[in-house]
Amino acid sequence: MSTLHSPGRSADRSPDRGQDRGRDRWQDTASAAGLLADDGGVAVTIFAEMSALAVRTGAINLGQGFPDVDGPGYVKEAAIAAIQEGRNQYAPGDGVPELRRAVAEHQKRHYGLDVDPDTEVLVTTGATEALTASILALTRAGDDVLTLEPFYDSHAAAIGMSGATHVTAPLVPGPDGFRLDVDALRAAATPRLRMIVLNSPHNPTGAVLTRDELAAVAAVARERDAIVVTDEVYEHLTFGAEHVPMATLPGMAGRTLTISSSGKTFSFTGWKIGWVHGPAHLITAVRTVKQFLTYTSGAPFQPAVARALDDDDTPRELAASLADRRDLLCAGLEAAGFTVTRPEGTYFVMADAAGLLPRLGLRDGVDLCRRLPELAGVVAIPATAFCHAGSPTAQALASHVRFTFVKQEAVLREAATRLAGLSLPGA
Ligand code: PMP
Ligand code: GLN
């Protein structure tokens, strides 16, 4: 990925280990995430960088995707009660039984999937740990791992950590939103393909993959005998489009690891309670790695998330209010001179600044994001931060930036007013 790359923090090199040692694992990880500078320095993630910029400049932070209102009070009360009841020591490595049961029941109720809570579910430290443990458990140097491009940063970082080669298939903007280039997908799937890491609803584009697109991915996975890891953290945050879990496609449940998290669905991103489910043999592989990453975490939060998962109203209400906030921000961005691809899901919108850049004297989305706090008092993320540096997708999306709309309406209105100033003469 390419980031704004503020000068890298100087990296600890080990000169006495000799020239031939090559890079250490952390450097492969940083490099895969586009964070390793030519001088050996390492940058923080684009999300950390842009949130720090927002704090420094007092700008409205529409960069990092986290809600500015917490999830329901009764879920907080459940966590407080769990602490008071003394659920403060290690949770079982697989997660507390009531949360594993709630995950299995959720998958049955919403998608008709049969999941055994005892052998086919693992509670993790957010979706991030589920992703990293799955990728580390099942891929290695010599394997190809295919993702969509643009891609979420931790997918690329974990592939870098594993030593596998990261190949991509682009999502291309058009009148129907960002759509998968199925020919490119097929071309990218060589005999080395071991895993496909999917993400739908998709961060950063807001695309929700259609049944046909998913069927094309499934066909490639079957043909190459690849495992699919599907990141469905935005499964409930859709606006009319149907979210179809990959595991529900014919023949796919046996080769699919499905990942989700309470962060997005219930607005508790700081609790870091996620989960992965799939066939027992793949869960055994993921558990083996996961137990040596954290073993277990968030003991009192796990029963609270189980309570939340039993309740289908909270995510439904969040999705409805997000649809209104999406419309509000999209209208504001269009009025400011951006061309917007309306998202079908997530809480992100991609906006093309091509029409604005020349009159602002700016080159691309990276330039714009660097200057946006000063020009408009708003922070956003350049789309190229989700791409391989210089890739065809990075070139195609050079003038795009991502804004989040998971903020209160008043905040979005204020951001829209500020952004409108961009198209005024003299801006
Ligand atoms: N996957 C995607 C696509 C995301 O946007 C995020 C950000 N929350 C995550 C995974 C990480 O989820 P968690 O905070 O549960 O680790
Ligand atoms: N998922 C959040 C986003 O895309 C970022 C989470 C993080 O900072 N790693 O904005």
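Structural notes, computed from the coordinates. (Residues numbered from 1 in each chain as written. Chains lettered and ligands numbered in written order. Predicted model: local features only at pLDDT ≥ 70, side-chain atom pairs only at ≥ 80, totals over all residues. Heavy atoms only, no water.)

Focus on the environment of valine 233
- Counting through the fold element by element, valine 233 comes out in the loop between β7 (227-231) and β8 (256-261).
- Residue valine 233 is classed as buried on the basis of its relative accessible area, which comes to 8%.
- For the pair valine 233 and histidine 202, spaced 31 residues apart in sequence, the C-alpha to C-alpha distance is 9.1 Å.
- If sequence neighbours within four positions are ignored, valine 233 has contacts with Ala127, Ile259, Ser260, Ser261, Lys264 and Thr265. (Helix = DSSP H or I, 4+ residues; strand = E, 2+ residues; numbered from the N terminus. Buried < 20%, exposed > 50% of the residue type's maximum accessible area, 1.4 Å probe, protein only. Contact = heavy atoms within 4.5 Å.)

Notes on the environment of leucine 397
- Structurally, leucine 397 is set in the loop between α15 (392-396) and β14 (400-404).
- Expressed as a C-alpha distance, the spacing of leucine 397 and glycine 365, which sit 32 residues apart in the sequence, is 8.4 Å.
- Leucine 397 has contacts with Pro150, Pro173, Phe178, Met350, Ala383, Thr384 and Cys387, leaving out every residue within four places of it along the chain.

Remarks on the site of ligand 2
- Inspection of the region around ligand 2 gives Phe47, Gln64, Gly65, Tyr152, Asn203, Lys264, Phe348 and Arg402 as its neighbouring residues.
- In this structure, an oxygen atom belonging to ligand 2 sits 2.7 Å away from a main-chain N or O atom of glycine 65.
- Lysine 264 has a polar side-chain atom sitting 3.4 Å from a nitrogen atom of ligand 2.
- Contact with the protein chains removes 79% of the 300 Å² of surface that ligand 2 exposes when unbound. (Near = heavy atom within 4 Å. Polar contact = N/O pair within 3.5 Å; in protein donor to acceptor, adjacent residues only side chain to side chain. Areas by Shrake-Rupley, 256 points an atom, 1.4 Å probe, with all protein chains shown as cover.)

Nothing here speaks to function; it is all geometry.
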